[in-house]
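So you can see what is in the structure, the chains are spelled out below.
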Amino acid sequence: MVSVVYFVFEFSAGGGGSLPVFAGAESRGAFLGMVRRLDSGLSELLHSGRGGRSVFSLKPLRFLSGYSIVESGLSVGGVVFERGARCSLEVAVFDEEASRRLVSILATSPLGLEVNGVEFGLVGLSIRIIDPSSVISGEDAPEALDVR
């Protein structure tokens, strides 16, 4: 069984701007663009997957500070953030080659994320390797588990 490598990036906004509350498409495009700047082949692998299956998933940008939620009529319209706002992006990679290549470029090159024309500088990164066999057997029980 392949290990899952889980990356949690923390960024700081270089300027102010706005995003939809659920910025899934923007986050995916920004992440792939960040990777493409350093390894276009890895970006293509992440984008296309293997054998029709995606090799990664991500949780969209989540703001931690320096933001406010704007309502639009009866629904939530978006997130407005200021320069210096902190946010996180969580990425899980399910492919050993892609994981190794991503760790390698992260170790050698500082990365930034560009979202809707605003540059976000990398200020923190954590990497966890999760062995699905140990999760299933209960040896390394997590706080939560999504099963698809």
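Residues numbered from 1 in each chain as written. Predicted model: local features only at pLDDT ≥ 70, side-chain atom pairs only at ≥ 80, totals over all residues. Heavy atoms only, no water.

Colleague: Can you help me understand the packing of aromatic side chains in this one?
Modeller: For any pair of aromatic rings, the description rests on two quantities: the centre-to-centre distance and the angle between the ring planes. In the structure shown here, the tally under the stated rule is 8 aromatic pairs. Seen from their ring centres, Phe81 and Phe120 are 5.4 Å apart, and the 50° between their planes marks the pair as tilted. One end of the pair, Phe81, is in strand β4 (residues 75-93); the other, Phe120, is in strand β6 (residues 118-130), with 39 residues separating them in the sequence. By relative accessible area, Phe81 is classed as buried at 5%. Accessibility expressed as a relative area gives 0% for Phe120, which makes it buried. (Phe/Tyr/Trp six-rings, centres within 6.5 Å; stacked < 30°, edge-to-face > 60°. Helix = DSSP H or I, 4+ residues; strand = E, 2+ residues; numbered from the N terminus. Buried < 20%, exposed > 50% of the residue type's maximum accessible area, 1.4 Å probe, protein only.)

Colleague: What is the right way to read the nonpolar core from this model?
Modeller: The nonpolar side chains of soluble globular proteins are, as a tendency, buried together. Residues Phe9, Phe31, Leu46, Leu102, Leu113 and Phe120 are the most contacted members of the largest nonpolar core, which totals 35 residues. At the level of elements, β1 (4-13), α1 (24-38), α2 (40-48), β3 (56-72), β4, α3 (96-108), β5 (112-115) and β6 are the ones that each hand at least two residues to this core. No other element matches the 7 residues that β4 contributes to this core. (Core = buried A, V, L, I, M, F, W, Y, C linked by side-chain atoms within 4.5 Å.)

Colleague: Can you help me understand the pairing of β6 in this one?
Modeller: Along any regular strand the residues' side chains alternate between the sheet's two faces. Where β1 and β6 come together, 10 bridges link them in antiparallel fashion. Residue Phe9 lies in a different strand from β6, and its bridge partner there is Leu125. Inspection of the sheet shows β5 paired to β6 by 4 bridges, in the antiparallel sense. If you follow Glu114 over to β6, its bridge partner there is Glu119. Two successive antiparallel strands, β5 and β6, enclose a turn made up of 2 residues, where Asn116 displays a positive phi of approximately 50°. (Pairing = 2+ DSSP bridges.)

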